[in-house]
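Take a look at the letters that make up each chain.
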Amino acid sequence: MKKTSLFKMAVGLLAALLLLSACGGGGGGAATTAATTAAAATTAAAAAEATTAAAAAEATTAAAGGATTTAAAASATTAAAAVADAGGASGEEPYEFSVAVRRGHVESDSRIQKFFEEKYNVKINMIIIPDNSDAQAKINLLMADATQRPDVIWFQTGWTREYNQWRDAGLLVDVSDYYWKYPNIKDYYDKVSPDSLFYAAEPDGSLYAIPGDVGEPGHMINLIRKDWLDHVGLGIPETFDEYVEALRMMNENNPHGGAGAYGFAGAGLELRSLKPFWSYYNCIPDNFIFLPDGSVGYGAVQPEMKDALKLIQELYNEGVIDPNIVVRDLNFTESFVEGTFGSTYRWIAWLNPEDGSVKSFKENNPNGEYVSIEPYPNGFGTESDNSISPEAWCAFSITDRAQDPERIYAFFDALTGPEDYLVRRYGFEGEHYTHDNGIYVQILTGDENTAQNIGRNLFDTFVNRKDEYNITNTPEVAAKFARGTELVQNDMNRICYVKTTDRPVWNEYATELERIRDEYIWGIVSGQRPLEDFDVFVDLFYAQGGKAAEEETAALMAQQVADYESFKENFKP
């Protein structure tokens, strides 16, 4: 197979990453590699270039007669047409196949489903699976019964044991040849997350799982209320010290009325909620990381954590930080909508004026305005926004029940192309949405999509695009996402995203180690434990298997580097 330029760059950066940065294997089993973070760094420029096209992505999808055209996707449309002409997605004979999809994202026989069935001469039988904890059991039952097994199965990549069983039993189709033959899925991942395929492919280059949804490398950001800053007579803080002082001033004197309002808030018991503080103090509390000397350590027990916790505890005790941050909060969005805090670390997407949460926030706070702040320089050169693994969190596979697996793959590849993607994600322009001057506006209200069985979000998480064809992002927000790709690189270079789930030491000790971590960190944040208890936590961590877990992670990452070399050698046409 031909290596993409991004993979070539990743190879070149691998040695430098291993020498200069760190590898942090996710505490909860997140999977990535120092080698894969190299490719993430090389994608920053590509992502930035892609997102600048957002303003040009003015889809002109005509609803009349169900016909669609997309000026911004002309080249991709040509490619999709070439596939159809070659007998890929379309065929002279009708073809019927079944797909297991999640409930809540599409119902059967929707208008958009029928549109694509007619376009590609197919008949799709939807097998609806629960969109909750019952999904895994339902999918296992489907896969175990040859008479019920769908032609296409969706699953979460964390279900490693099940996937390995299906693969080893011959229940999944190797689609590697199709991946190189059809353009859209390959081109998309080459552009935004080429290392996603490292996690999906086998060392011998076969591909049984197609990545379904990979998050933007940088998707979170520090947000601050400009109207609150104006109220206290401050500009946008230019240094971390100015930021902390602004939190105190907004907490003491804010237009919300004081009581029940805070300078800073975050989703409860989420360590990432405190990222602005972790970043400045050089902390990564929830992953294994490469240390400056090249060894591997667990981030939460590093000495810099104590410095960060000292400040956080002070702010909490002063009442600057919303006390709900130490309480499990499953819907922090409600707090955001109420507008009761001056700053938070949350989604870049909340900078979109058409975002539903933002609209609700503006209804409650007509003068409210959030702006974003990039990580403040910390003196270590490691400041970073919150990063995520390049591994897809879900995937889909074609099973052995498929009579024509190539045609199925070509169908999903066509639906990943910009023209078809805009229809399956948003519906028909002019009828279901408008997109003018880079601004997406939804025409549908309430539950019309489901009530009228329109079928928007057809095959959601069967390759969800996060580039310029995610037209809900304004050009400005698209640029923020592109910049976010750059701003997470320091964390990407330090964190050990371990690919394998075969981690007997970590699997044995993880539950207790993470329990101890959370008990002591949140206890110190809330002042229920003195700062000096951080040293007690470090001793407990190592007494409960932490050292063995660090050693295991270091060995796994060394093997992962070798596996990555094998992947580059074998994953090619």
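Treat the numbers as computed from the prediction; the structure is a model and nothing was measured.

Q: Explain helix H17 (residues 418-426) to me, please; I cannot follow it from the model alone.
A: Note: α-helices contain 3.6 residues per turn, so residues at a spacing of three or four share the same orientation. Within H17, eight of the nine residues are buried, which leaves it mostly tucked inside the rest of the structure. A positive phi of about 95° marks glycine 427, the residue just after H17.

Q: For this particular structure, what's the right way to read the environment of glycine 212?
A: Structurally, glycine 212 can be placed in strand E4 (residues 210-213). Look past the residues within four positions of glycine 212 in its chain and what remains in contact with it is Tyr189, Ala392, Cys394, Ala395, Phe396, Thr461, Phe462, Val463 and Asn464.

Q: What should I look at first to understand the side chain of arginine 517 in this one?
A: Relative to the helices and strands, arginine 517 is located in helix H21 (residues 504-525). The class for arginine 517 is buried, based on a relative accessible area of 8%.

Q: Explain the side chain of aspartate 227 to me, please; I cannot follow it from the model alone.
A: In this fold, aspartate 227 is placed in helix H10 (residues 226-231). By relative accessible area, which is 16% here, aspartate 227 ends up buried. Polar side-chain contacts of aspartate 227 include one of 2.8 Å to the side chain of arginine 225. Those residues in contact with aspartate 227 that lie beyond four places of it in its chain are Asn367, Gly368 and Glu369.

Q: Sorry, what's going on with the sheet that holds strand E10 (residues 370-373) here?
A: Strands pair in a sheet through their backbones, by hydrogen bonds, and they do so in one of two ways: parallel or antiparallel. The four strands lie next to each other as E6-E9-E5-E10, forming an open sheet whose pairing is mixed. With one partner strand each, in any of the chains shown, strand E6 (262-264) and E10 form the two edges of the open sheet. Between one strand and the next, the sheet's axes are offset by a mean angle of 35°, whatever the strand orientation. The sheet contact formed by strand E5 (residues 220-225) and strand E9 (residues 341-347) spans five bridges and is antiparallel. Its bridge partner lying in E9, isoleucine 221 is registered against arginine 346. Contacts from helix H11 (residues 240-252) reach E5, E6, E9 and E10, with the element oriented near 160° to E6.

Q: Whenever I open this one, the packing of helix H4 (residues 111-120) against H17 confuses me. Can you help?
A: The angle between the axes and the distance between the axes are what describe a pair of packed helices. With their axes 9 Å apart at the nearest point, H4 and H17 run at an angle of 150° to one another. Classed by the angle they form, the pair H4 and H17 counts as roughly antiparallel. In this structure, the crossing between H4 and H17 has a hand that is left-handed. Residues Ile112, Phe115, Phe116, Lys119 and Tyr120 of H4 form the contact with H17, whose own contacting residues are Glu419, Asp420, Val423 and Arg424. Taken together, the residues of the contact of H4 with H17 break down into five nonpolar, no polar and four charged.

Q: Just to check I follow, could you spell out the packing of aromatic side chains for this structure?
A: One pair of aromatic rings is described through two measures. These are the centre distance and the angle between the planes. Overall, the coordinates contain 52 aromatic pairs when judged by the stated rule. With a centroid separation of 5.1 Å and an interplanar angle of 80°, the aromatic rings of phenylalanine 288 and tryptophan 506 are classed as edge-to-face. Residue phenylalanine 288 is found in strand E7 (residues 288-290), and its partner tryptophan 506 is found in helix H21; the two are separated by 218 residues along the sequence. Judged by its relative accessible area of 0%, phenylalanine 288 falls in the buried class. One aromatic cluster is present, formed by Tyr95, Phe97, Tyr120, Phe396, Phe411, Phe412, Phe459 and Phe462 through successive ring pairs. The lysine or arginine in question, arginine 225, covers the ring of tyrosine 370, its NZ or CZ lying 5.7 Å from the ring centre. Its guanidinium or amino end placed over the ring of tyrosine 520, arginine 529 lies 4.0 Å from that ring's centre, counting from NZ or CZ.

Basis of the calculations
Residues numbered from 1 in each chain as written. Predicted model: local features only at pLDDT ≥ 70, side-chain atom pairs only at ≥ 80, totals over all residues. Heavy atoms only, no water. Buried < 20%, exposed > 50% of the residue type's maximum accessible area, 1.4 Å probe, protein only. Helix = DSSP H or I, 4+ residues; strand = E, 2+ residues; numbered from the N terminus. Contact = heavy atoms within 4.5 Å. Polar contact = N/O pair within 3.5 Å; in protein donor to acceptor, adjacent residues only side chain to side chain. Pairing = 2+ DSSP bridges. Axes fitted to C-alpha atoms, helices over the stretch in contact; angles between N-to-C directions. Parallel < 35°, antiparallel > 145°, perpendicular 65-115°, else oblique. Left-handed = near helix turned anticlockwise from the far one by under 90°. Nonpolar A, V, L, I, M, F, W, Y, C, P; charged D, E, K, R; others polar. Phe/Tyr/Trp six-rings, centres within 6.5 Å; stacked < 30°, edge-to-face > 60°. Lys NZ or Arg CZ within 6 Å of the ring centre and 35° of its normal.

Nothing here speaks to function; it is all geometry.
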